[in-house]
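Structural overview for review
Residues per chain, in single letters:
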Amino acid sequence: MFENLQPAPADKIIALIGLYRADPRPDKVDLGVGVYKDRDGKTPVMRAVREAEKRLLQSQDTKTYLGLAGDTGFNAAMAKLTFGPAADLGRIRAAQAPGGSGALRLVAELLKRTRSDATIWLSDPTWPNHPPVMRAAGLQIREYPYFDAASGAVRFADMLTALRAAKSGDVVLLHGCCHNPTGANLDTAQWTEITDLVVERGLLPFVDIAYQGFGEGLDADAAGLRIMASKVPEMVVASSCSKNFAVYRDRVGAAMILAKDGAQADVAMGQMLSAARAMYSMPPDHGAAAVRIVLEDAALRADWEAELEDMRLRMLRLRVQFAEALRRQSNSDRFDFVASHRGMFSRLGLSEAQVERLRAEHGVYMVGDSRINVAGLPEDGMDALAKAIVSVLD
Ligand code: PLP
Ligand code: TYF
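A quick note: this is a predicted structure, and the numbers were derived from the prediction, not measured.

1. Remarks on the overall build of the protein
When its secondary structure is counted, the protein shows 14 helices and 13 strands. Computed over C-alpha atoms, the radius of gyration of the protein comes to 21 Å, within 12% of the 21 Å expected from 2.2 N^0.38 for 394 residues, which places it in the range of a compact globule. Judged by the C-alpha coordinates and their principal axes, the protein covers about 60 × 55 × 55 Å. Looking at the protein as a whole, 54% of its 394 residues qualify as buried. Long-range pairs, those at least 24 residues apart, make up 75% of the contacts in the protein between residues at least 6 apart in sequence. Across the protein, the centroid of the 47 positively charged side chains sits 2 Å from that of the 50 negatively charged ones.

2. Let's talk about the packing of aromatic side chains
With the rule as written, the count across this model stands at seven aromatic pairs. Judged by centre distance (4.2 Å) and plane angle (5°), the ring pair of F245 and W304 falls under stacked. Remark: W304 occurs in helix α11 (residues 298-330) and F245 occurs in the loop between β9 (235-240) and β10 (253-258); sequence separation between them is 59 residues. There is no split in this pair, since F245 and W304 are both buried. Their ring planes at 55° and their centres at 6.4 Å tell us that F335 and F337 sit as a pair that is tilted. On the accessibility criterion, F337 (8% relative accessible area) is buried. Clustering of aromatic rings is evident, with ring pairs tying together Y36, Y211, F214 and F345. Sitting over the ring of Y20, K28 keeps its end group 4.4 Å from the ring centre. The ring centre of F345 lies 3.8 Å from the NZ or CZ of R371, which sits over that ring.

3. Focus on the site of ligand 2
Around ligand 2, a shell composed of D11, I13, I14, V33, G34, W127, N129, N180, Y211, K243 and R371 is seen. Here an oxygen atom of ligand 2 sits 3.0 Å away from a polar atom, N or O, in the side chain of N180. K243 is positioned such that a nitrogen or oxygen atom in its side chain is 3.4 Å from an oxygen atom of ligand 2. Contact with the protein chains hides 82% of the accessible area of ligand 2, taken as 330 Å² for the molecule alone. Residue classes in the shell around ligand 2 are distributed as five nonpolar, three polar and three charged. Counting contributing residues, the shell around ligand 2 receives three or more from each of domain 1 (10-44 + 301-391) and domain 2 (49-296).

4. A short note on the pairing of strand β3 (residues 119-124)
Within β3, five of the six residues are buried, leaving the element largely enclosed by the surrounding structure. Of the strand pairs in this sheet, β3 and strand β4 (residues 140-145) are connected by six bridges, and their pairing is parallel. What sits directly across from T119, in β4, is Q140. In terms of handedness, the path from β3 via helix α5 (residues 130-136) over to β4 forms a crossover that is right-handed. Across two bridges, β3 lies against strand β7 (residues 171-175) in parallel orientation. By the bridge assignment for β7, W121 is matched with V172.

5. Considerations on the nonpolar core
Residues I194, M235, F245, W304 and F322 are the most contacted members of the largest nonpolar core, which totals 100 residues. Grouped together as the second largest cluster of nonpolar side chains are 40 residues, A69, V107, I120 and I257 included.

6. Topic: the sheet that holds β3
Within the open sheet, the seven strands sit side by side as β2-β10-β9-β8-β7-β3-β4. Their pairing is mixed. What marks the edges here is a single partner per strand, and that holds for β2 (92-97) and β4. When strand polarity is set aside, the average angle formed by the axes of neighbouring strands in this sheet is 25°. Pairing geometry for β7 and strand β8 (residues 204-209), over five bridges, is parallel. Paired with H175 across the bridge in β8 is D208. Helix α4 (residues 99-114) contacts β2, β7, β8, β9 and β10 of the sheet and is inclined by roughly 160° relative to β9. Strands β3, β4 and β7 of the sheet are contacted by helix α6 (residues 156-164), whose axis makes an angle of about 145° with β4.

7. Quick notes on the environment of F147
Relative to the helices and strands, F147 resides in strand β5 (residues 147-148). Placed 241 residues apart in sequence, F147 and A388 show a C-alpha to C-alpha distance of 25 Å. Not counting the four nearest positions on each side in its chain, F147 is found in contact with D124, P125, G152, A153, R155, T182, A184, H341 and R347.

What counts as what
- Residues numbered from 1 in each chain as written.
- Chains lettered and ligands numbered in written order.
- Predicted model: local features only at pLDDT ≥ 70, side-chain atom pairs only at ≥ 80, totals over all residues.
- Heavy atoms only, no water.
- Helix = DSSP H or I, 4+ residues; strand = E, 2+ residues; numbered from the N terminus.
- Rg over C-alpha atoms; globule rule 2.2 N^0.38 Å.
- Buried < 20%, exposed > 50% of the residue type's maximum accessible area, 1.4 Å probe, protein only.
- Contact = heavy atoms within 4.5 Å.
- Lys, Arg positive; Asp, Glu negative; His and termini not counted.
- Charge placed at Lys NZ, Arg CZ, Asp CG, Glu CD.
- Phe/Tyr/Trp six-rings, centres within 6.5 Å; stacked < 30°, edge-to-face > 60°.
- Lys NZ or Arg CZ within 6 Å of the ring centre and 35° of its normal.
- Near = heavy atom within 4 Å.
- Polar contact = N/O pair within 3.5 Å; in protein donor to acceptor, adjacent residues only side chain to side chain.
- Areas by Shrake-Rupley, 256 points an atom, 1.4 Å probe, with all protein chains shown as cover.
- Nonpolar A, V, L, I, M, F, W, Y, C, P; charged D, E, K, R; others polar.
- Domains from an automatic or database assignment.
- Pairing = 2+ DSSP bridges.
- Right-handed = clockwise from strand over helix to strand, strands pointing away.
- Core = buried A, V, L, I, M, F, W, Y, C linked by side-chain atoms within 4.5 Å.
- Axes fitted to C-alpha atoms, helices over the stretch in contact; angles between N-to-C directions.

Any link to function would need more than the numbers given here.
Below you can see the structure in the form of structure tokens.
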């Protein structure tokens, strides 16, 4: 049976983890997979999460099933964290999912059930897992222009033009903040314009928010999503706790629905949970329970927010230092956009061949499209890194 199979293409981002580990050079630099790292290159368990896990260990007296939606306290807390205090929670439903990836798939399955010929518009470029997840749920894919490699800015006018051509009922996937892979984001005025467009054209917004708190701050990063939620009749959201709670391997996320009214929200939630039943039944509990404990306890929550803010500010400082080093080494402002981008990533605008040379000749690892993980930038080696980058330019 298996002799009929061809080898599957590798996940190029995850493959970098192994390549980097196998490299013996002591001064190698890991700007690959999107995982937050501290100055020492470590990805620690966050203080508040560790404390919540201790409490969980002490207080948990059963591991019996929770149900298809997982931890309902987690779901309520995530709806508030994402949609904010002013949200109409009566129209919102949330289901715990296995990571942001599981949430994306769960929402995609719901979309397929509600509209079997649905087309989903993805930004060009987008996270490489978006197309396979959407296709696996049976959705058609189209792309809208998003990034201008030369300036590092959003091609907003072109994005609007493309989305004006979308059919009523089409779905538009937007990165809630910290666009992956480009680092170029919509500002508040642009979110408002897109909101007007989706309302006017009858499009369904689908917001993927995987880095809330990594860009401008916890509330600021959700501001666009919240503007949208205050004006559109319906929207869907996939959110991830992998990065902002650093619970990557525990697989914690939430699939959320904003419907026209509570009754429609209940039906949509029921269909989404029926899709979960057909895929994995119930999500894993541990990480979501820890996140719930953090969000519900004022002191733990304050400590989590403080640690998250430290992580965010470190990435901002690294951006500024790196842009300055690139300016010095290249004698140009070509890379200044790195300082104005937000989130974990920026795309430098190098060719695949240049990225390959950086890896082979300098031990600098980044994704083939020249996406860097800002958290991996070496605080004490910025100029050496910038010099290596400039050395592979034509
Ligand atoms: N969406 C985007 C844009 C991402 O970069 C990621 C990766 O972290 C995810 C969703 C989901 O990640 P996870 O499934 O690890 O929560
Ligand atoms: O883009 C990234 O690096 C993160 C982590 O299959 C990731 O989103 C990468 C690939 C993947 C799952 C997560």
